[in-house]
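Each chain is listed here by its residues.
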Amino acid sequence: MIKYTILALVAFLLTFSEAKAETVLLKAAAMVDVENGTIIANPHVMITDGIIQSVSSSLPDSNGDVRVIDLGTKTILPGLVDMHVHFTGKATDQGFRRLAISHERAAITGVVNARKTLMAGITTARNVGAPSYSDVALRDAINEGDVPGPRMFVSGPSIGITGGHCSDNNLLPEEYGIVGEGVADGPWAARKKVRRHIKYGVDLIKTCSTGGVLSKGTQVGAPQYTVEELTALTEEAHSHGRKVASHAHGAQGIINALKAGVDTIEHASFISDEGIAMAKRQGTYLSMDIYNTEYILGEGEKAGFLEESLAKERMTGATQRESFRRAHKAGVKMVMGTDAGVYPHGDNMKQLSRMVRFGMTPAEALRAATLNAADALGQKGKFGKIATGMAADIIAVSGNPLEDITIMESVPFVMKDGVVYKSE
């Protein structure tokens, strides 16, 4: 008797679950096929519980209640992926101003910035560097529906050398005795730091193999970490199924990171022909933030950037853009990474027009921000395209972005996992 009661209860729960499944039909005038770089007329996208069930050019057959969302003359395309953000950072809190910001305040800033980013049409973001695993907490809060934001892949604190760009706090003098939470010197210390990060729930590892523009006392092109240290860090991360992103501006630091087997190179400003050839041969993705130089040089002094950092950006920005052109022409794999947090969150889409200005077609730029990014994250087939079986991450714009990529800077409709977050 008990057995049949349990079976009846299970059957009831399954029936109730099926009854609760929401089906949505999304219609628009056009759709961008990011894989082929073409426009498809009159798309009808059927979505159930956040997953795309079908895509057709006519009204599909359906059983039961269907909620219709008609976007009229709009063009739909998959939600974009930003592969390099810092949600807990604020563009106007630079230089010594950072010392006044607690980790708790940074976490709250992350909530605000995650929402801004989602509303801009970024439905997935990779957060590369945040204090005290605050990005882990933000990711979990978004996943649990507590706050709105993109789907997140997070690294926790960046790992690097004493006095390095991404790991240490170089703004404080020695008498404070403070060592950055990401500092790990030597191969075994690097492995231990990776293990600690994994313990606290990161999705990937972020490290630095060169100095940086915004860190006090580091040289942009100077190598940080030896190949031995980078290899130990990367092997440890890969053994736990985590990818590695390496901040790397200088030519030698880029080559060191590539020799170690990292998965993405961030910035790649002074990449050499040898580095380009290695990246292409190994299938390593480049994430090059070629928009934010305009904000740093235009608004940097007002935002609190150190003069040292402004001088380094003057030396770096133009070269990075030319390196972007060279790497793209050579056929290196590329993704869209903006470094949002260095400039205001929500302006992420401005990166696309610069990618086009410096060598890409609009279709290539959109592919870098969708299919390429999903592949670089190890999520191929899960999002990045409007197709059967994919997550229903769909945005809409007014016009054809394959003709004018700047229309991506104004996104009136945002859906993530089948839920509409913005509809003007």
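The structure displayed is predicted, hence computed values, not measured ones.

Undergrad: Just to check I follow, could you spell out the overall build of the chain for this structure?
TA: A tally of helices and strands in the chain yields twelve helices and 18 strands. C-alpha atoms of the chain, sized along the principal axes, occupy 70 × 60 × 40 Å. For the chain, the proportion of its 424 residues judged to be buried stands at 55%. Pairs at least 24 residues apart make up 69% of the contacts formed inside the chain by residues separated by at least 6 positions. Of the roughly 17,800 Å² that the chain leaves accessible, carbon and sulfur atoms contribute 52%. Side chains of the chain give 44 positive and 47 negative charges; the mean places of these two sets differ by 1 Å.

Undergrad: Even after reading the chapter, I still don't get the state of the cysteines, so can you show me in this structure?
TA: Put plainly, a disulfide is one covalent bond tying together the sulfur atoms of two cysteines. Per the stated rule, a full pass over the model turns up one disulfide. Here Cys-166 is linked by a disulfide to Cys-208, with a sulfur-sulfur distance of 2.3 Å. With Cys-166 in the loop between strand E10 (151–154) and helix H4 (187–199) and Cys-208 in strand E11 (residues 204–208), this pair connects stretches of sequence that are 42 residues apart. Side by side, Cys-166 and Cys-208 carry an identical accessibility label, which is buried.

Undergrad: Looking at this model, I keep getting lost on the packing of H4 against helix H5 (residues 227–239). Mind explaining?
TA: A pair of packed helices can be characterised by two numbers: the angle between their axes and the separation between those axes. In the contact formed by H4 and H5, the axes pass within 8 Å of each other and the chain directions differ by 30°. Between H4 and H5, the angle is such that the two are roughly parallel. As H4 packs across H5, the resulting crossing turns out to be right-handed. Here H4 contributes Pro-187, Ala-190, Arg-191, Val-194 and Arg-195 to the contact with H5, which in turn contributes Glu-228, Glu-229, Ala-232, Leu-233, Glu-235, Glu-236 and Ala-237.

Undergrad: Explanation requested: the pattern of salt bridges in the structure shown.
TA: All told, the structure shown has 20 salt bridges when counted by the stated rule. In this structure, Glu-266 engages Arg-126 in a salt bridge whose closest nitrogen and oxygen atoms are separated by 2.7 Å. In this pair, Glu-266 sits in strand E13 (residues 264–267) while Arg-126 sits in strand E9 (residues 122–127), placing the two residues 140 residues apart along the sequence. When its relative accessible area of 4% is taken as the criterion, Arg-126 is described as buried. A salt bridge links Asp-140 to Arg-139; the nearest nitrogen and oxygen atoms lie 2.9 Å apart. Using a relative accessible area of 29% as the deciding quantity, one classes Asp-140 as partly exposed.

Undergrad: What's the story with the pairing of E9 in this structure? I'm lost.
TA: Most of E9 sits out of view: six of its six residues are buried. Bridge analysis of strand E8 (residues 80–85) against E9 gives four bridges, and the strand direction is parallel. Counted as the bridge partner of Leu-80 is Ile-122 from E9. For the handedness criterion, the β-α-β arrangement of E8, helix H2 (residues 103–119) and E9 is classed as right-handed. As judged from the four bridges shared by E9 and E10, these two strands associate in the parallel manner. Opposite Thr-124, over in E10, you have Arg-151 as the bridge partner. You can see the chain leave E9, run along helix H3 (residues 134–143) and come back into E10, and the turn it takes is right-handed.

Undergrad: Looking at this structure, how should I read the sheet that holds E10?
TA: Two strands in a sheet stick together by hydrogen bonds in their backbones, pointing the same way (parallel) or opposite ways (antiparallel). Pairing is parallel across the open sheet formed by three strands, whose spatial order is E8-E9-E10. Only two strands of the sheet have a single neighbouring strand rather than two, namely E8 and E10. Strand-to-strand twist across the sheet, computed as the mean angle between neighbouring axes with direction ignored, equals 15°.

Undergrad: What is the right way to read empty space enclosed by the protein from this model?
TA: Remark: the empty space left among the atoms is shown by a probe the size of a water molecule rolled over them. Throughout the structure, instances matching the rule amount to one cavity of 30 Å³ or more. Roughly 40 Å³ of volume is contained in the largest cavity. Broken down by class, the residue content of the lining of the largest cavity amounts to three nonpolar, three polar and one charged.

Undergrad: For this particular structure, what's the right way to read the pairing of strand E4 (residues 44–48)?
TA: Within a regular strand, the side chains alternate between the two sheet faces. Along E4, five of the five residues are buried, which leaves the element largely enclosed by surrounding structure. Both faces of E4 are covered, namely the face carrying His-44, Met-46 and Thr-48 and the face carrying Val-45 and Ile-47. Pairing geometry for E4 and strand E5 (residues 51–56), over five bridges, is antiparallel. Paired with Val-45 across the strands is Val-55, a residue of E5.

Undergrad: Which parts of the structure should I look at to understand the environment of Ala-374?
TA: Turning to its location among the elements, Ala-374 is positioned in helix H12 (residues 371–376). Ala-374 gets classed as buried once you look at its relative accessible area, which sits at 1%. A sequence separation of eleven residues divides Ala-374 from Lys-385, and the C-alpha atoms of the two residues are 9.4 Å apart. Every residue in contact with Ala-374, bar those within four places of it in the chain, is listed here: Gln-379, Lys-380 and Phe-383.

Here is what the cut-offs are and how they apply
Per-chain numbering applies: the sequence of each chain, read as written, is numbered from 1 onward. Only residues with pLDDT of at least 70 get local features here, since the model is predicted, and only at 80 or more are side-chain atom pairs given and counted; chain-wide, interface and lining totals rely on the full set of residues. Think of the side-chain values as coming from all heavy atoms in the structure, minus any hydrogens and water. Secondary structure elements are taken from DSSP: a helix is a run of H or I of four residues or more, a strand is a run of E of two residues or more, and numbering for both begins at the N terminus. With a 1.4 Å probe rolled over the protein chains alone, any residue whose accessible area is under 20% of its type maximum counts as buried; one over 50% counts as exposed, and the rest are partly exposed. Should any heavy atoms of two residues lie within 4.5 Å, those residues are considered in contact. For the area figures, the Shrake-Rupley method with a 1.4 Å probe applies, and any residue is considered shielded solely by the protein chains shown. The charge count treats Lys and Arg as positive and Asp and Glu as negative. His and the chain ends do not count. Taken as the charge location is NZ of Lys, CZ of Arg, CG of Asp or CD of Glu. Working definition: a disulfide is two cysteine sulfur atoms within 2.5 Å of each other. Axis definition: a line fit to C-alpha positions, over the contact stretch in the case of helices; interaxial angles, taken between N-to-C directions, run 0 to 180 degrees. Angle categories: roughly parallel below 35 degrees, roughly antiparallel above 145, roughly perpendicular from 65 to 115, and oblique for all the rest. For a crossing to be left-handed, the near helix must be turned anticlockwise from the far one by less than a right angle; the clockwise case is right-handed. Put simply, a salt bridge is a Lys or Arg side-chain nitrogen that is within 4 Å of an Asp or Glu carboxyl oxygen. Note on pairing: two strands pair once DSSP finds at least 2 bridges between them. When the strands point away from the viewer, a crossover counts as right-handed if the route from the first strand across the helix to the second turns clockwise. Only protein atoms enter the 1 Å grid used here. Points where a 1.4 Å probe fits but cannot escape make up a cavity, open sets with protein on both sides within 12 Å along at least five of seven lines make up a pocket, and a residue lines them when an atom lies within 4 Å of a point. Grid points are joined across faces, edges and corners, and a volume is the space filled by probe spheres set on the points. Each residue gets one of three labels, nonpolar for Ala, Val, Leu, Ile, Met, Phe, Trp, Tyr, Cys and Pro, charged for Asp, Glu, Lys and Arg, and polar for the others, Gly among them.

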